Amino acid sequence: MARKKTKRERRGRRPEADVSPTDVSPTGEIQTDPAPADSANNTNNTGVISMTSVSSRIHEPQLEVEAHAEEAVVATTKVRTSPGAPDQGLPDTPILDPETLPGSAETGGAVVPLELPRVIAIANQKGGVGKTTTAVNLGAALAELGFRVLVIDLDPQGNATTGLGLNPRDVSGSIYDVLLQEAAFEDCIEPTAIKNLFVAPATVDLAGAEIELVPQISRELKLRRAVNSVRDEYDVMLIDCPPSLGLLTVNGLAAADDVIVPIQCEYYALEGLGQLLRNVGLVQANLNPDLDIRGIVLTMYDARTKLADQVEQEVRSYFGAKVYETIVPRTVRLSEAPSYGQPIIVFDGTSRGAKAYRDLAKEVSRGATRRTG
Ligand code: ADP
Ligand code: MG
C-alpha cells in the first residue's frame with residue numbers, strides 16, 4: 001500500500017528517529033513522554049526506528065538507509081531494496097535486533113503456568129492494537145472457564161467499561177476515585193452480565209489523573225495498594241492500560257505480576273515496542289522486581305496479507321515461546337461487539353473471534369488451578 005510522503009520526505013530529507021529518553025529520577029519515579037494516543041498513523045517519537053522509516057524507503061532502488069538512535073531499541077541498520085521490491089512486506093534484514101533490546105526483553109522462555117491469583121497488565125503504548133479488546137474478551141473467556149475475573153479499566157476512554165455493558169454515567173465509583181479520592185477499591189467494582197466477570201470502571205475524570213497524580217505521595221503505587229486490597233477475591237485481574245507510558249500505565253505495571261503485550265499484525269506493529277520493554281525493565285528495577293513479560297498476543301491478523309505473516313515471523317523469532325500460539329484474527333464481529341456492550345463470546349459465540357479468545361484463555365490459564373466453579 002502506497003503511503004503519502006511526509007513533508008520532510010518531499011523535501012528529500014531522510015526520516016530520523018527521535019529519541020524520547022525515559023528517565024528515572026532519584027526517587028525512582030519514571031518519567032516518560034506520553035506516546036501519541038493513536039494508531040496506525042502515528043509518527044514515531046519513541047526512539048525506535050519505525051516501520052514508517054523502512055516502508056517509506058522501500059520503493060527507492062539501491063537505497064541504503066543507515067539509521068542511528070541513541071539507545072534505539074530497534075536497529076534496522078541497513079535496508080537494501082531492489083527496484084522490483086514488493087510494495088508490501090518487510091525488508092529481509094531483522095526488524096528487531098536482540099542485542100539492542102533491554103534485558104527485560106531477553107525472554108525466550110516458555111509461557112509459565114499461571115499461578116493464582118494473578119494480576120496481568122495488558123500494555124502497549126500504541127493505541128488501537130487490541131489492548132481493550134483483549135482485556136474484555138480474554139476476561140470473559142477466562143470467566144467462562146470458571147475463573148473469577150476482574151477487568152480494571154485504566155484508560156480514561158473507558159472502552160473496557162462500556163465494552164462490558166456498563167454506562168460510565170451510571171457507576172457509583174470509579175478507578176479515579178480509588179487513585180485520587182482514597183475510595184475503597186471494592187466499592188467501585190461492579191458485576192457484569194457474565195458470571196464470574198467483574199469490572200472496575202473508568203470514567204472521564206480519569207483523563208485528569210495523569211496530571212493530578214504528579215504531586216501525590218507514592219503516586220506510582222496507588223493502584224498496587226488497591227489491587228492488593230482485593231487480591232484474594234479474584235483469580236485473575238486484567239488491567240487495561242491506556243495508550244501511553246505515563247503515570248497511569250506505570251501504576252498498571254507496578255500493580256501487576258505480569259504483562260501481556262498485544263501486537264497488531266500490521267505496519268508500525270513493532271514501533272515503540274522497545275520503549276515499552278525498557279519501561280517494563282525500569283518498573284522492574286525501581287518499583288516491582290517481580291514484574292515479567294508473560295506473553296505476546298498477535299492481534300488483528302489478516303491471513304490475506306503477506307505482511308501479517310512477516311510480522312508474525314519477526315515477533316516469533318525474537319520472543320520465541322513467549323508468543324501465544326493463538327492468533328486473534330481481524331474480524332468485523334470483534335469490532336462490532338463493543339457497541340452492544342458485550343464480549344464476543346456473548347455477542348457471537350460461534351464466531352472466529354470468540355474461538356480465538358477462548359483458545360487464548362486456555363493458553364493463558366495453562367497450568368492454573370481453578371478456585372471457583
Ligand atoms: P487499544 O485498546 O489497544 O487502543 P482496541 O482493543 O480498542 O485497541 O482496538 C482498536 C479498534 O480495533 C477497536 O475499534 C476494536 O473494536 C478494533 N479491533 C480490535 N481487535 C480487533 C480484531 N481482532 N478484529 C477487528 N477489529 C478489532
Ligand atoms: Mg484501549
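The shown structure was predicted, so the numbers you read here are calculated from the model rather than taken from an experiment.

Student: Explanation requested: the nonpolar core in the structure shown.
Tutor: Soluble globular proteins tend to bury their nonpolar side chains together. Core analysis: the biggest nonpolar cluster contains 62 residues, and Leu-150, Ile-152, Phe-185 and Ile-239 have the highest contact counts within it. Apart from residues lying up to four places away in sequence, Ile-239 is in contact with Val-119, Ile-120, Ala-121, Ile-122, Ile-152, Leu-154, Leu-223, Gly-252, Ala-255 and Ala-256.

Student: Explain the pattern of salt bridges here, please?
Tutor: It is possible for side chains of opposite charge to pair when their charged atoms get near one another. Counted by the stated rule, this structure contains twelve salt bridges. A cluster of three or more residues bridged by salt bridges with shared partners is formed by Arg-118, Asp-258 and Arg-294.

Student: I'm lost on the site of ligand 1 in this one. Help?
Tutor: The environment of ligand 1 is formed by 14 residues, the closest being Gly-128, Lys-131, Thr-132, Thr-133 and Pro-329. Val-129 is positioned such that a nitrogen or oxygen atom in its backbone is 3.0 Å from an oxygen atom of ligand 1. The contact in question runs from an oxygen atom of ligand 1 to an N or O atom on the side chain of Thr-133, over 2.5 Å. When ligand 1 sits alone it has 550 Å² of accessible area, and the protein chains cover 79% of it.

Student: Explain the pairing of strand S9 (residues 236-240) to me, please; I cannot follow it from the model alone.
Tutor: Walk down a regular strand and you will see the side chains alternate between the two sheet faces. The buried fraction of S9 is high, at five of five residues. Neither face of S9 is exposed, since Val-236, Leu-238 and Asp-240 on one face and Met-237 and Ile-239 on the opposite face are all buried. The pairing of strand S5 (residues 118-122) with S9 spans five bridges and is parallel. Residue pairing for S9: Val-119 is matched across the bridge by Met-237. With five bridges connecting them, strand S6 (residues 149-153) and S9 associate as parallel partners. Within S9, the residue paired with Val-151 across the bridge is Leu-238.

Student: Explanation requested: the packing of aromatic side chains in the structure shown.
Tutor: Ring pairs (aromatic) are described by centroid distance and by the angle formed between their planes. For the structure shown, the criterion picks out three aromatic pairs. With a centroid separation of 4.7 Å and an interplanar angle of 85°, the aromatic rings of Tyr-318 and Phe-319 are classed as edge-to-face. Here the two residues Tyr-318 and Phe-319 agree in accessibility, since each one is buried.

Student: Got a minute to help me understand the packing of helix H8 (residues 222-230) against helix H9 (residues 247-255) in this structure?
Tutor: In helix packing, the relevant descriptors are the interaxial angle and the interaxial distance, both defined with respect to the helix axes. Their axes nearest at 7 Å, the elements H8 and H9 cross at an angle of 40°. With respect to H9, the axis of H8 lies oblique. Read as a crossing pair, H8 and H9 show a hand that is right-handed. Taken together, the residues of H9 that come into contact with H8 (itself represented by Lys-222, Leu-223, Arg-224 and Val-227) are Asn-251, Gly-252, Ala-254 and Ala-255. Residues of the contact of H8 with H9, tallied by class, amount to four nonpolar, two polar and two charged.

Student: Got a minute to help me understand the sheet that holds strand S7 (residues 190-191) in this structure?
Tutor: Whenever strands of a sheet pair, they do so through backbone hydrogen bonds, lying parallel or antiparallel. Overall, mixed pairing links the eight strands, which are arranged S7-S8-S6-S9-S5-S10-S11-S12 in an open sheet. Lying at the two open borders of the sheet, with one neighbouring strand each, are S7 and strand S12 (323-329). Alignment of strand S10 (residues 258-264) against strand S11 (residues 292-301), held across seven bridges, turns out to be parallel. Each bridged residue has a counterpart across the sheet, and for Pro-262 the counterpart in S11 is Val-297. The strands touched by H9 are S5, S9 and S10; relative to S5, the strand with the most contacts, the crossing angle is about 150°. Sheet contacts for helix H14 (residues 352-364): S5, S10, S11 and S12; angle to S12, the most-contacted strand, approximately 165°.

Student: What exactly am I supposed to notice about a negative patch on the surface here?
Tutor: Side chains of Glu-186, Asp-187, Asp-232 and Glu-233 sit close together on the surface and give a patch of like negative charge. Positionally, Asp-232 belongs in the loop between H8 and S9. Accessibility expressed as a relative area gives 64% for Asp-232, which makes it exposed.

Student: I would appreciate a short explanation of unusual backbone geometry in the present structure.
Tutor: With the exception of glycine, most residues fall at negative phi, and the peptide bonds are largely trans. Residue Pro-117 is bonded to the preceding Leu-116 through a cis peptide linkage, with omega at -5°. Assignment of secondary structure puts Pro-117 in the loop between strand S4 (79-80) and S5. Notably, Glu-182 is not glycine yet its phi reads approximately 60°, a positive angle. Looking at the element boundaries, Glu-182 is found in the loop between helix H5 (175-180) and helix H6 (185-188).

What counts and how
- Residues numbered from 1 in each chain as written.
- Chains lettered and ligands numbered in written order.
- Predicted model: local features only at pLDDT ≥ 70, side-chain atom pairs only at ≥ 80, totals over all residues.
- Heavy atoms only, no water.
- Core = buried A, V, L, I, M, F, W, Y, C linked by side-chain atoms within 4.5 Å.
- Buried < 20%, exposed > 50% of the residue type's maximum accessible area, 1.4 Å probe, protein only.
- Contact = heavy atoms within 4.5 Å.
- Salt bridge = Lys/Arg side-chain N within 4 Å of Asp/Glu carboxyl O.
- Near = heavy atom within 4 Å.
- Polar contact = N/O pair within 3.5 Å; in protein donor to acceptor, adjacent residues only side chain to side chain.
- Areas by Shrake-Rupley, 256 points an atom, 1.4 Å probe, with all protein chains shown as cover.
- Helix = DSSP H or I, 4+ residues; strand = E, 2+ residues; numbered from the N terminus.
- Pairing = 2+ DSSP bridges.
- Phe/Tyr/Trp six-rings, centres within 6.5 Å; stacked < 30°, edge-to-face > 60°.
- Axes fitted to C-alpha atoms, helices over the stretch in contact; angles between N-to-C directions.
- Parallel < 35°, antiparallel > 145°, perpendicular 65-115°, else oblique.
- Left-handed = near helix turned anticlockwise from the far one by under 90°.
- Nonpolar A, V, L, I, M, F, W, Y, C, P; charged D, E, K, R; others polar.
- Patch = residues over 30% accessible without salt bridge, like charges linked within 9 Å, V, L, I, M, F, W, Y side chains within 5 Å.
- Lys, Arg positive; Asp, Glu negative; His and termini not counted.
- Charge placed at Lys NZ, Arg CZ, Asp CG, Glu CD.

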